[in-house]
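Close look at the chain arrangement
Here is how the chains run, residue by residue.
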Amino acid sequence: MFNQRRNLIFLFFAIVGLLFIGKLFFIQVVDDTYEKAADNNAIRKIIQIPFRGEVYDRYGKLIVYNTPVYDLYIIPRKAVVKDTNHFCQVFGITKDYFVKTSQQAKTYSRVKPSLFLKHLSKEQFASVQDAMVDFPGFFFETNAFRTYQSRSFSNALGYVAEISPTTLLEQKGDYYRQGDYVGISGIESFYEETLRGQRGIKYRMVNSNGVEKGDYKNGSLNVNPVSGNNLYTSIDLAIQEYADSLMKHKVGSLVAIEPSTGEILAMVSAPSYDASQLTGNNFSTYYQQLALDPMKPLLNRPPSAYYRPGSTFKLVQALVGQQLGFIGPGTVYSHAGSPVKCHGHGPVNLRGAIRVSCNPYFYHAFRKMIYDNTTGDTYERSAQGLQRWSDLVANFGFGRKLGVDLGNEKKGILPNVEYYNSVYKGNKAWKFSNIYSISIGEGEIVVSPLKMANLAAIIANRGWYIPPHVVKGIGLKKVIDPFYKTPVKVGVEAKYFDVVIDGMQDAVNNGTVGPDGKIPDIKMVGKTGTSQNQKGKDHSIFIAFAPRDNPKIAIAVFVENAGFGGTAAAPIASLVVEKYLKRKVDRKSVESKFMQMNYLPNVYSAGGVSRKKVTTDSTKK
Amino acid sequence: MTDSNHIQGRIDWITVGFYVLFVGLGWLNIYSAVYSPDAPLSFSDPAFYDSNAGKQLVWIGTSLVLIICVLVLDFRFFESFALFIYLGLLLLLIAVPFLGVTINGSHSWFKFGSATIQPAEFAKTATALLLAKYLNDPLVNLSKFPFQWKAALIIAIPMVLIVASNETGSALVFASFLILLYREGLPGIYPALFIGGIAMFVSALLVKAWIILVVLILSAGILVLFMPIYSQRDPKTYLRLSGGVAAIMTLALLVEWLVNNVLKEHQRNRIRVLIDPGFDPRGLGYQVTQSKIAIGSGGFWGKGFLGGTQTKFDFVPEQSTDMVFCTIGEEHGFVGVMFMILLFLGFLWRLMYLADLQRSRFARAYGFGLVGILFFHFLVNIGMTIGLMPIMGIPLPFFSYGGSSLWSFTILLFIFLKLDSHRSDMLSR
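Keep in mind that this is a model prediction, so the values were computed, not measured.

Moving on, we get to the overall build of chain B. Broken down by element type, chain B carries 17 helices and three strands. Counting all 429 residues of chain B, 42% fall into the buried class. For chain B, restricting intrachain contacts to residue pairs at least 6 apart in sequence, the fraction spanning at least 24 positions comes to 70%.

Here you go:
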């Protein structure tokens, strides 16, 4: 009677069934937002930060390593603190902090862990261990801090800190996340990618309460962390610390290089800071203070400070002049006709000129190099001459980066035709009489202490250098970029170095270097310099290498506002050389004299009043 | 084989096959939901029998006992005792507010030792039996109002009692008897009005009142356009039509008032969640949101048996009981759920086919009662996991974890199979 109704009823069932299949097709196959939501729900990505590589000195002494620290996390849902006062007392926090932080954690998530207290030391961790049973819902995660064996060498090492928002935005790829630590300066920054290692990623399944339930897909997607590579530096930590102590109470730089390898033995930037001030919790306390300090302790001066080379540049002039064929060991100039003045002595040859650092001699020599004994348009000849000259001088590394493995190397300035054209606004707008100051390392030429140490190494090697570098080996295999193995020739023949080295020998023995700068039993050769400083006392410069035969160390010392090069820079250099070659210093009186010597300008003690003025040369752009 | 009328006690093995398949697949889903990759439980571990999977195994075992009980009873028992069974269940429903315990916020359970029983689950069977017995009287004609009224009373009494014990979801199941009544001669206008009423209710919630008004007037206009010329000229036509539009409009406006004033807070929220999927995803909308995430993340092929993360790690509340469909959706994907839906439709078709073979009106009516109840659960349960139905405590027959549910569906089904096996013995009246 109503038999056909079965079909109608089933039609209705089938419509509902199709409706369901349609909707399911939409949410399961078409819409993929649910898959992401599911992963968000149940898959927890755990980042494992590997240990950062350690840093060693040239003899395998540890300089930087990692200390584990402990971060306290809270899971608000499980956290029960019966006695808040007791808790605060155990962890040494205020009640306000407790209330505020647990509230923040609760707002973030009731079931996921939030950071509660950062960076507890091993000692603090041990002291709260027993009390932890009273505080369910709190647990520790280990983290690591950079730890420094020495208070020295901080500037070249650089530091590690939380990545800044701008760096985070500008990074290539997406390796770093907010809160990650990254090398900021020095070798920490230069070798960031090899030091940091490879981060591990674990995909863990969690249930709705945030409890871990094993590896997702049996761990097939997990990546194990790889520790960072260790860095084996060429630094001699003993020499470094010794040099550091000599540069106390001074503003300036000291760079020592092993000439045969280009390895940097010591690199002092003064004034410096204690690297441990910028680790972990200390960072927030000290960073601001250090960054605002008018003496710029955070600046790594050797590769980045700007100075005029002063008389030390005469060595370059002597070498280039000979190579270009304008002067020779027998060339003699008197003081006549020179706008630059000198001290009372008669006409000298090249060796003598270097010994007494004769300004008129190098004025005349430079004039000859520029004008080439030709006649005609002085402007045109000046341009031609300067071009020839600057092409050769550039080989010494002036006006360009040497390629040191520190992040903040500056190019310096080597004035060439282009440079003067832009300064004097046009071709043929300048000639020798406008530029002669550079003949004696004043005027427009600007160098860094590192370049001058490299110059000492070039002379020690008689015509070549290996780009100076701090790291001589990376990782277990101690590999290194071949760039730091390849000698660079400067284009001056070895024979031209003899007279220059003779002159440097004389300068130390009975020239510009005073008695404090002489080492009785070591043949050190060097050249003083005085960098003119319109804003205060001149800067004292000295570059040297030793021993004269088969040189082991090339050094450059810059002491700001210390006046003549022979007074401060040369004795400090001699002490470092003596210490390096003999492993001890016999001249105790000289040592203590210069350790205590204070060349900090008065303005510093006056308290940052003329901040701009005093930092001119270290920070000049 | 079911056509062999002269062999007594012939069970329909196809239906039994469906039953075994559903219960078996259901158990595998429950096992997968409690399976922990960290610490898999073996069958020999006593802790296994504390888990849902272990307990369900016990429920399945006891269901076998129930099946045997149902099958050994005389087939005439169900018709003869239908009234007593019905009255007995009514007594239990009345007693439950006083003697029962509260589980999951509903005060509708009896507790015997560690086992809990919900009489509302069994009231469906009792009502189906009595309704079928009533219709077995050849004088009963459902196109006549007095009979309609009595049939409605049989359905309404347990319904009211169940609503009183705060189990609105279980009470709504009784609406499924409309299918039984329709098959037995209830005029088609009743189910049409029912479906139309639901459509109006939903549209009243989803669209603004003036849109409904415009649609109503437009459809009235179209109706007039297609009318014969003579009724177009009859003013009564317009009077009736505008009366109809006004009545529907009033009802539509009533819906909002009903939702805001008559429904309880949690019921109102379930409806809000339904019409606005983004509503309060962490609170009131949590269950639907998580359920859709679980099913949606299954994709086309699913994550594989034991491979689900959402259902396994408790993201979907009630996921072994009412939300068991999520496990199928997540682990077996679109292929799995489509297979499951088609299987269920096939099952319903088989039952209706068997019901129409019955010679006695009692057995046929009971069969359609069974089909209606199963379909209603299928509709609401799957519908709520994918956000097409409001959330209510309606389990998926044979799949969901739980003793009351499995027992009551087993009894419901096997009474019919028992009746069917004796269909040649029963007189067609």
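Let's pick the thread back up.
A tally of regular secondary structure across chain A gives 25 helices and 18 strands. Counting only residues that meet the buried cut, chain A has 44% of its 621 residues in that class. If you take every contact in chain A between residues at least 6 apart in sequence, the share linking residues at least 24 apart comes to 72%.

Two numbers describe a pair of packed helices, the interaxial angle and the distance between the axes. All names here are of chain A. Two elements in contact, helix α13 (residues 314–324) and helix α15 (residues 359–371), have axes separated by 10 Å at closest approach and are oriented at 40°. By the angle between their axes, α13 is oblique relative to α15. Along this stretch, α13 crosses α15, giving a crossing that reads as left-handed. Of the residues in α15, those in contact with K314, Q317, G321 and L324 of α13 are F362, A365, F366 and M369. Among the residues forming the contact of α13 with α15, the class breakdown is five nonpolar, two polar and one charged.

With that out of the way, let us pick up the sheet that holds strand β18 (residues 553–559) of chain A. Residue and element names in this part refer to chain A. Here we have five strands laid out as an open sheet, ordered β12-β11-β18-β17-β16, and antiparallel in their pairing. Each end of this open sheet is capped by a strand with a single partner; those strands are β12 (263–270) and β16 (525–531). Across this sheet, the average inter-strand angle for adjacent strands is 5°, counted without regard to direction. As defined by bridge partners, strand β11 (residues 252–258) adjoins β18 across six bridges and the pair is classed as antiparallel. Note on β18: the bridge partner recorded for L254 is V557.

In this section: the interface of chain B and chain A. Residue-level contacts link 37 residues of chain B with 31 residues of chain A. Among the elements of the structure, α8 (177–183), α14 (286–296), α15 (324–357) and α16 (361–385) of chain B are those that each provide at least two residues to the side of chain B that touches chain A. Residue contributions to the side of chain B that touches chain A peak at eleven residues, all from α15(B). Looking at the side of chain B that touches chain A, its residues break down into 22 nonpolar, ten polar and five charged.

All names here are of chain B. Confidence along chain B averages 86 in pLDDT terms, with 95% of residues attaining 70 or more. For the stretch residues 1–8, pLDDT sits under 50, and the model shows ten contacts to residues farther than four places along the chain or on other chains. Both confidence scores are given for the complex: pTM 0.67, ipTM 0.91.

As a further point, take the nonpolar core. The nonpolar side chains of a soluble globular protein tend to be buried with one another. Residues A:A256, A:A453, A:A456, A:I555 and A:V576 are the most contacted members of the largest nonpolar core, which totals 135 residues. Ranked by the residues each element gives to this core, the list is headed by helix α19 (residues 449–461) of chain A, at nine residues. Structurally, this core is a two-domain feature, drawing no fewer than three residues from each of domain 1 (45–233) and domain 2 (237–272 + 300–619) of chain A. Once residues lying within four places of it in the same chain are set aside, the contact partners of A:A256 are A:I239, A:L265, A:A266, A:A453, A:I553, A:I555, A:V576 and A:Y580. Judged by nonpolar contacts, the second largest core, of 115 residues, contains A:F13, B:Y86, B:L130 and B:F376.

The subject of this paragraph is the sheet that holds strand β8 (residues 200–206) of chain A. Residues and elements named next belong to chain A. Taking strand neighbours across the sheet as the criterion, the three strands line up as β1-β8-β9 in an open arrangement whose pairing is antiparallel. Two strands bound the open sheet, and with one partner strand each, they are β1 (43–48) and β9 (212–215). Between one strand and the next, the sheet's axes are offset by a mean angle of 40°, whatever the strand orientation. Relative to β8, β1 runs antiparallel, the two sharing six bridges. Bridge assignment links R44 to a residue of β8, and that residue is R204.

Moving on, we come to the pairing of β12(A). Residue and element names in this part refer to chain A. Within β12, eight of the eight residues are buried, which leaves the element mostly enclosed by the surrounding structure. Where β11 and β12 come together, seven bridges link them in antiparallel fashion. Bridge pairing in β12 places A256 opposite A266.

Examined against the element boundaries, B:G285 turns out to sit in the loop between α13 (265–275) and α14. Those residues in contact with B:G285 that sit more than four places away from it in its chain are B:V273, B:F279 and B:D280.

Time to look at the packing of helix α5 (residues 119–136) of chain B against α16(B). All names here are of chain B. Where α5 meets α16, the closest approach of the two axes is 8 Å, and the angle between their N-to-C directions is 145°. In the crossing of α5 with α16, the sense of the turn from one axis to the other is right-handed. Contacts between α5 and α16 pair K124, A128, L129, L131, A132, K133, L135 and N136 from the former with R361, F362, A365, Y366, G369, L370 and I373 from the latter. Split by residue class, the contact of α5 with α16 holds ten nonpolar, two polar and three charged.

On to the environment of A:R199. All names here are of chain A. Assignment of secondary structure puts R199 in the loop between α9 (192–196) and β8. Note on R199: 17 C-beta atoms within 10 Å, which makes it partly exposed. Look past the residues within four positions of R199 in its chain and what remains in contact with it is I47, Q48, I49, P50 and P225.

Right, let's get into unusual backbone geometry. All names here are of chain A. Looking along the chain, the bond that leaves A270 and enters P271 is cis, with omega of -5°. Looking at where P271 falls in the secondary structure, it is placed in the loop between β12 and α11 (280–292). In the segment running from A546 into P547, the intervening peptide bond is cis, with an omega of -15°. Its location among the elements puts P547 in the loop between β17 (539–546) and β18. Of note, S357 is a non-glycine position whose phi angle comes to about 55°, a positive value. Checked against the element boundaries, S357 lands in the loop between α14 (350–356) and α15. Accessibility expressed as a C-beta count within 10 Å gives 25 for S357, which makes it buried. The phi dihedral of K428 is positive, around 55°, even though this residue is not glycine. Positionally, K428 belongs in the loop between α17 (417–423) and α18 (432–435).

So, how was this worked out
- Within every chain, residues take consecutive numbers counted from 1 along the sequence as written.
- Chain letters start at A and ligand numbers start at 1, both assigned in the order the entries are written.
- A pLDDT threshold of at least 70 governs which residues receive local features in this predicted model, and a stricter bar of 80 or more applies before side-chain atom pairs are shown or counted, although totals over entire chains, interfaces and linings include all residues.
- Strands are runs of DSSP state E lasting at least two residues, helices are runs of H or I lasting at least four, and both sets are numbered from the N terminus onward.
- Any residue whose C-beta has 12 or fewer other C-beta atoms within 10 Å is treated as exposed, any with 20 or more as buried, and any in between as partly exposed, C-beta atoms being built from the backbone.
- Any residue pair is listed as a contact if its two C-beta atoms, each placed from the backbone, are within 7 Å.
- Every axis in this analysis is a line fitted to C-alpha atoms, fitted for helices over the stretch in contact. Angles between the N-to-C directions lie between 0 and 180 degrees.
- Any angle from 65 to 115 degrees is called roughly perpendicular, while one under 35 is roughly parallel, one over 145 is roughly antiparallel, and all others are oblique.
- The sense of a crossing depends on the near helix, which, turned anticlockwise from the far helix by less than a right angle, makes the crossing left-handed and, turned clockwise, makes it right-handed.
- Under this grouping Gly is polar, as are all residues other than the nonpolar Ala, Val, Leu, Ile, Met, Phe, Trp, Tyr, Cys and Pro and the charged Asp, Glu, Lys and Arg.
- DSSP-based pairing: two strands are paired if at least 2 bridges between them are found.
- The pLDDT value tells you how sure the predictor is about a given residue, anywhere from 0 up to 100.
- To define a nonpolar core, we join buried Ala, Val, Leu, Ile, Met, Phe, Trp, Tyr and Cys residues through C-beta atoms within 7 Å and take the resulting set.
- Note that the domain bounds were set by an automatic or database domain assignment.

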